[in-house]
Amino acid sequence: MGLHGVKAVFFDLDNTLIDTAAAGRRAIEEAPRPLQVISALQSKHHYGEGEARAICDKVQAKLLKECHDPAKMCITDLRISHWEEAIQETIGGEANRDLAAECYYLWKTTRLQHLTLAEDTRAMLTELRKGLRLLLLTNGERQTQREKIEACACQPYFDAIVVGGEQKEEKPAPSIFHYCCDLLGVQPAECVMVGDSLDTDIQGGLNAGLKATVWLNKAMTAPVDTSPVPHYIISSVLDLPAVLQKMEHNINAKLESDHMASSDE
């Protein structure tokens, strides 16, 4: 697919190309029984099901609010602390770092096993790459994100992969988008950003002056205040080729209109 004006597409990773949230939930309760954190807490450590679920729910909540500063603490220590705090908040008593570490590593290993790049997504990326340059742009701690990338085996589908935790600034800072443009040898006005986060993906694309931003809103329920405003909204990443075709049509129509206007002059 050759597009006038569009030379590259930047993709977010988590909950855009892979369903990280679902993988995390499966690691807690939908994996084969020996690998479920809830099952391990019940069978091996004799917690009740209610207690085990409460611990896991608290960890999920902590992950959603997580703020990680790699200069102060490595991601492994931080996430073991999430489990340690959740266990103590639920059960009381002394902190149990060993149990927290066991739960964290079980959750992490199982989550990685559930991170997959769907076959239809692979096919879409392969087709897009015939006419466009593709780049993976993900925020997050270096080791964590690289492990996810390895787990879902998405490297062959991209011309470049950029992890926010390896850069001076992450999305939505313009600098990381401009770094991506330099990597691919393209201008911001030739690039499209696709992602599920209004705050990082869409705001970042707008901050950097990209040609267009495409917001993946799986629920297709509009927030009370949709700010920033994306150029396009899709409910599935598989809808992207149709958006790119629409963009090409609009660009061609404008070129034709401009040509006719100049001819009239």
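Residues numbered from 1 in each chain as written. Predicted model: local features only at pLDDT ≥ 70, side-chain atom pairs only at ≥ 80, totals over all residues. Heavy atoms only, no water.

Moving on, we get to the domain arrangement of the protein chain. Each domain of the protein chain was delimited in the assignment, giving domain 1 (8-19 + 116-263) and domain 2 (20-114). Averaged C-alpha coordinates put domain 1 and domain 2 at centres separated by 31 Å. Each partner contributes residues to the interface: domain 1 has 11 residues there, and domain 2 has 11 residues. The junction of domain 1 with domain 2 conceals about 900 Å² of combined surface from both sides, 48% of it contributed by carbon and sulfur atoms. Of all residues in domain 1, D19, E141 and E147 give up the largest surface area on contact with domain 2, accounting jointly for 45% of the area buried on that side. Remark: the boundary between domain 1 and domain 2 carries 1 salt bridge. The salt bridge involving K108 is made with E147; its shortest N-O contact spans 3.1 Å. A breakdown of the residues in the side of domain 1 that touches domain 2 according to their chemical character gives 2 nonpolar, 4 polar and 5 charged. (Domains from an automatic or database assignment. Contact = heavy atoms within 4.5 Å. Buried area = accessible area lost by both parts, 1.4 Å probe. Salt bridge = Lys/Arg side-chain N within 4 Å of Asp/Glu carboxyl O. Nonpolar A, V, L, I, M, F, W, Y, C, P; charged D, E, K, R; others polar.)

The side chains of a regular strand alternate between both faces of the sheet. Burial analysis of strand β2 (residues 133-138) places 5 of its 6 residues in the buried class, which makes it a mostly covered element. Bridge count for strand β1 (residues 8-11) against β2 is 4 bridges, and the pairing is parallel. By the bridge assignment for β2, F10 is matched with L135. You can see the chain leave β2, run along helix α7 (residues 142-152) and come back into strand β3 (residues 160-163), and the turn it takes is right-handed. (Buried < 20%, exposed > 50% of the residue type's maximum accessible area, 1.4 Å probe, protein only. Helix = DSSP H or I, 4+ residues; strand = E, 2+ residues; numbered from the N terminus. Pairing = 2+ DSSP bridges. Right-handed = clockwise from strand over helix to strand, strands pointing away.)

Below, the discussion takes up the packing of helix α5 (residues 97-113) against α7. With their axes 9 Å apart at the nearest point, α5 and α7 run at an angle of 40 degrees to one another. Here α7 runs oblique to α5, going by the angle between their axes. Where α5 abuts α7, its residues K108, R111 and L112 lie against Q143, T144, E147, K148 and A151. (Axes fitted to C-alpha atoms, helices over the stretch in contact; angles between N-to-C directions. Parallel < 35°, antiparallel > 145°, perpendicular 65-115°, else oblique.)

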